[in-house]
Amino acid sequence: GPGQKDDLQRAKSEGKELTKEEKQRLRKEKKQQKKSKEKKYDKASQESEKEKKPVSSASPASQPPTQPTTQKVPSAVPAPVPMPASETQPAKSKAELKAERRARQEAERASKQGKKGEVGQQPATGKPKAPPSELQPVVKRLPVHVQVDNPEVLKKLAKKLERQQIPLRLDYGYKVSLFSHLHQYSRKAPLTQQLGIPSTVIHPAIVRLGLQYSQGIVAGSNARSVALLHAFKQVIRDYTTPPNEELSRDLVNKLKPYISFLNQCRPLSASMGNAIKYIKKEISNIPSQCKEEEAKSKLLNCIECYIEERIILAAKAIAKYSIEKISDGDVILVYGCSSLVNHILCEAFEKSRKFRVIVVDSRPRLEGREALRRLVQRGISCTYVLISAVSYILPEVSKVFLGAHALLANGYVMSRVGTSQIALVAKAFNVPVLVCCETYKFCERVQTDSFVSNELG
C-alpha cells in the first residue's frame, strides 16, 4: 500500500540497504504507475479523435438534422465508423503522444496570433511595409556625373555649388539621347562665356588651371595631375589659418570649392582623384599642436615626394623593364600622346636601340601630333597615320605600346577613345600589345563598358 511505499522511500533516502523483496515491490509499483499514465493518454487521444470525426462527417446546412450522416456519403468513400483505439491501433508510445501534444499547442498558438494580427490590422491606416529587397536596391549609390538626366540629382548638385559659391555650368542645348545621363558641354563657346568665375572665392592658381583644363592646353593624365599638385602647392603657400580654427579641418574645407570648380571645368581623372585623396589624408594627419609654418612645409614636402615617387620614378622603373621588350629592327605602334610611352621610346633610343615608330592619331583632340613632334625632336624615325588606316599599317608592326588613363579594379584599362579598337585589330594580326600604367592610376572603380560613365569630348 502507500504506507509501505513511503517507508521504502524513507529507508532509501536514509541510506539503508533494501532487501530483494522490497526492491521488487518498488519496481512493480513504478511499472503500475507507467501503465496508468499510458491509459490516461490513450483516453485523452480517443476523446480528441471523437471530437474531430463528427466535424469532418457533418452533413450540409440544408440537410435535416434527423437524417444520419452516413446516408449522404458517396459510395466510393466508406463512412468513417468510430472505433476504439485499442482495436484499430496499438498503444502509442510516449514520443508519439508528446508530438501530438506539441502539434496541438502550436496550432492553438498560431490561431491566437492570427486573431491578434486581425485585430491589430483594423485600426492601422498607414501603408504596408515594403519587403527588404524593395527598400534596399541593388545599386545603393551612383556618382553624380552619371545621373545628369535625373532632375533631383541636378537640384542637389546646384544647391551644393550654391553653398560653395561656385556657378553651375549649363549643358549644351542639343543633346545626344544615348548620352543623356552624362554632361554635354559646348565645345565652341569658351568657359568664361558659359559661367561667371568668382575670383573672391577661388584662388587665382585654380582659376588659371581650370581654364587650361577646359581649353585642352593641359591634357594627359600625368600632366593634369602634376599641374593640379603644383596649383595646390601654391594654395597651401598662400593659406593662413583663421583665428579659432584648426589647419587640418579648415584647409580641407577650403579645398572643396576648388575641386568643385575644377570638376565644372573638366571632369576629374582617376589619377587626379587619387592625388586629391592623398593630399586630404596628409592634411588630416597633421597634429593640432603643430605650428602653421611647420605644417605647411610638411605638406609641400609630401606633395613633392608624391610627384617624385609616384610619377617620375615610376616612369623610370617602367621604362627600365619596357626597354627590354624592344629589340633592334622593331616597328612600334603608339596611339595618341602618352607621356609615359614617349619617355620609354626616348630612353630606348638613347640606349642605341634601332627601331621605327608609327604614330596613330584620331579626332577630336588629335593628340598624336604632339607625340610626333616630341619624338621627331629626339631624332626618332616616325610615321603618322589616322586610326582609319590601322588595319592597313598593322601587318608591318611588331609591337603596340599604349598609355592608360586608369586601371580599374576588375582589370579593365581605361584610355582615350579608340584604344580598344587598336587593341582588337592588333589581336587579329597577332601583334603583342603592352599597356604602360603607373600605380597611382590604379582605381577601385569597376566598369565593363564605355557608355555608363565617360567624359564626352
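Since the model is a prediction, treat every value here as computed from it, not as a measurement. (Residues numbered from 1 in each chain as written. Predicted model: local features only at pLDDT ≥ 70, side-chain atom pairs only at ≥ 80, totals over all residues. Heavy atoms only, no water.)

A few points about the overall build of the protein chain
Alright, step 1. The helix and strand tally for the protein chain stands at 16 helices and 7 strands.
Alright, step 2. Buried positions account for 33% of the 457 residues belonging to the protein chain.
Alright, step 3. Excluding contacts between residues fewer than 6 apart, the proportion of contacts in the protein chain whose partners are at least 24 apart in sequence is 74%.
Alright, step 4. Total accessible area on the protein chain stands at roughly 30200 Å², and carbon and sulfur atoms take up 53% of it. (Helix = DSSP H or I, 4+ residues; strand = E, 2+ residues; numbered from the N terminus. Buried < 20%, exposed > 50% of the residue type's maximum accessible area, 1.4 Å probe, protein only. Contact = heavy atoms within 4.5 Å. Areas by Shrake-Rupley, 256 points an atom, 1.4 Å probe, with all protein chains shown as cover.)

Some words on the side chain of S338
Alright, step 1. Mapping S338 onto the fold places it in the loop between β1 (330-335) and α13 (339-350).
Alright, step 2. Beyond its immediate stretch of four places on either side in the chain, S338 contacts G403 and R416.

Description of the packing of helix α9 (residues 221-238) against helix α10 (residues 247-265)
Alright, step 1. Close contact between α9 and α10 brings their axes to 12 Å; oriented N to C, the two are set at 140°. As far as their axial angle goes, α10 and α9 are oblique. The two elements α9 and α10 meet at a crossing, and its hand is right-handed. Touching L228, F232, V235 and I236 of α9 are L251, L255, Y258, I259 and L262, all from α10.
Alright, step 2. Residues that form the contact of α9 with α10 fall into these classes: 9 nonpolar, no polar and no charged. (Axes fitted to C-alpha atoms, helices over the stretch in contact; angles between N-to-C directions. Parallel < 35°, antiparallel > 145°, perpendicular 65-115°, else oblique. Left-handed = near helix turned anticlockwise from the far one by under 90°. Nonpolar A, V, L, I, M, F, W, Y, C, P; charged D, E, K, R; others polar.)

Thoughts on the pairing of strand β2 (residues 355-361)
Alright, step 1. Burial within β2 is extensive, with 6 of its 7 residues counted as buried.
Alright, step 2. Summarising the sheet, β1 and β2 pair through 6 bridges and their orientation is parallel. Counted as the bridge partner of Y335 is V360 from β2.
Alright, step 3. As paired elements, β2 and strand β3 (residues 382-386) share 5 bridges and run parallel to each other. The residue of β3 that forms the bridge with V360 is V385. (Pairing = 2+ DSSP bridges.)

Describing the pattern of salt bridges
Alright, step 1. Evaluation of the coordinates by the stated rule reveals 11 salt bridges.
Alright, step 2. Here E367 makes a salt bridge to R416, at a shortest N to O gap of 2.7 Å. Note that E367 is positioned in the loop between β2 and α14 (368-377) and R416 in the loop between β6 (413-414) and α16 (419-428), a separation of 49 residues in sequence.
Alright, step 3. On the accessibility criterion, R416 (24% relative accessible area) is partly exposed.
Alright, step 4. Beyond isolated ion pairs, a larger network of salt bridges with shared partners links E370, R373 and R374. (Salt bridge = Lys/Arg side-chain N within 4 Å of Asp/Glu carboxyl O.)

Here's the deal with the confidence of the model for the protein chain
Alright, step 1. Averaged over the protein chain, the pLDDT score is 78; the fraction of residues at 70 or greater is 72%.
Alright, step 2. When the criterion is pLDDT under 50, residues 52-88 qualifies, and its contacts beyond four places in sequence or with other chains add up to 14 contacts.
Alright, step 3. Contacts for the low-pLDDT stretch residues 132-140, under 50 throughout, to residues beyond four places or in other chains number 1 contact. (pLDDT = per-residue confidence, 0-100.)

Describing the nonpolar core
Alright, step 1. Membership of the largest hydrophobic core comes to 44 residues, with the highest contact counts inside it found for I202, I206, Y213, L228, F232, L255 and I279.
Alright, step 2. Here the element with the most residues in this core is α10; it accounts for 9 residues.
Alright, step 3. Ranked by size, the runner-up nonpolar core spans 20 residues in total, among them I318, I332, V334 and V357. (Core = buried A, V, L, I, M, F, W, Y, C linked by side-chain atoms within 4.5 Å.)

Side note on α10
Think of an α-helix as 3.6 residues a turn; residues three or four steps apart then line up on the same face.
Alright, step 1. With 19 residues, α10 should cover 27 Å at 1.5 Å per step; its first-to-last C-alpha distance of 27 Å lies within 8% of that length.
Alright, step 2. Burial within α10 is extensive, with 14 of its 19 residues counted as buried. (Expected span 1.5 Å × (residues − 1).)

Considerations on a nonpolar patch on the surface
Alright, step 1. On the surface, a nonpolar cluster with roughly 290 Å² of combined accessible area is contributed by V176, L178 and F451.
Alright, step 2. By the element assignment, L178 lies in the loop between α6 (151-163) and α7 (191-194). (Patch = residues over 30% accessible without salt bridge, like charges linked within 9 Å, V, L, I, M, F, W, Y side chains within 5 Å.)

Focus on the packing of aromatic side chains
Alright, step 1. Throughout the structure, instances matching the rule amount to 2 aromatic pairs.
Alright, step 2. Ring geometry for Y306 against Y440: centres 6.1 Å apart, planes inclined by 85°, an arrangement best described as edge-to-face. Of this pair, Y306 sits in helix α12 (residues 292-323) while Y440 sits in the segment after β7 (433-436), and the two are 134 residues apart along the sequence.
Alright, step 3. By relative accessible area, Y306 is classed as buried at 2%.
Alright, step 4. Looking at R224, its charged tip hangs above the ring of Y213, at a distance of 5.3 Å from the centre. (Phe/Tyr/Trp six-rings, centres within 6.5 Å; stacked < 30°, edge-to-face > 60°. Lys NZ or Arg CZ within 6 Å of the ring centre and 35° of its normal.)

Description of the sheet that holds β1
Alright, step 1. Sheet architecture is open: 5 strands sit in the order β3-β2-β1-β4-β7, paired in parallel fashion. Edge positions in the sheet fall to β3 and β7, since each has one partner strand and no second. The average undirected angle you get between the axes of adjacent strands in this sheet is 25°.
Alright, step 2. In this structure, β1 lies alongside strand β4 (residues 399-403), joined through 3 bridges in parallel fashion. Opposite I332, over in β4, you have K399 as the bridge partner.

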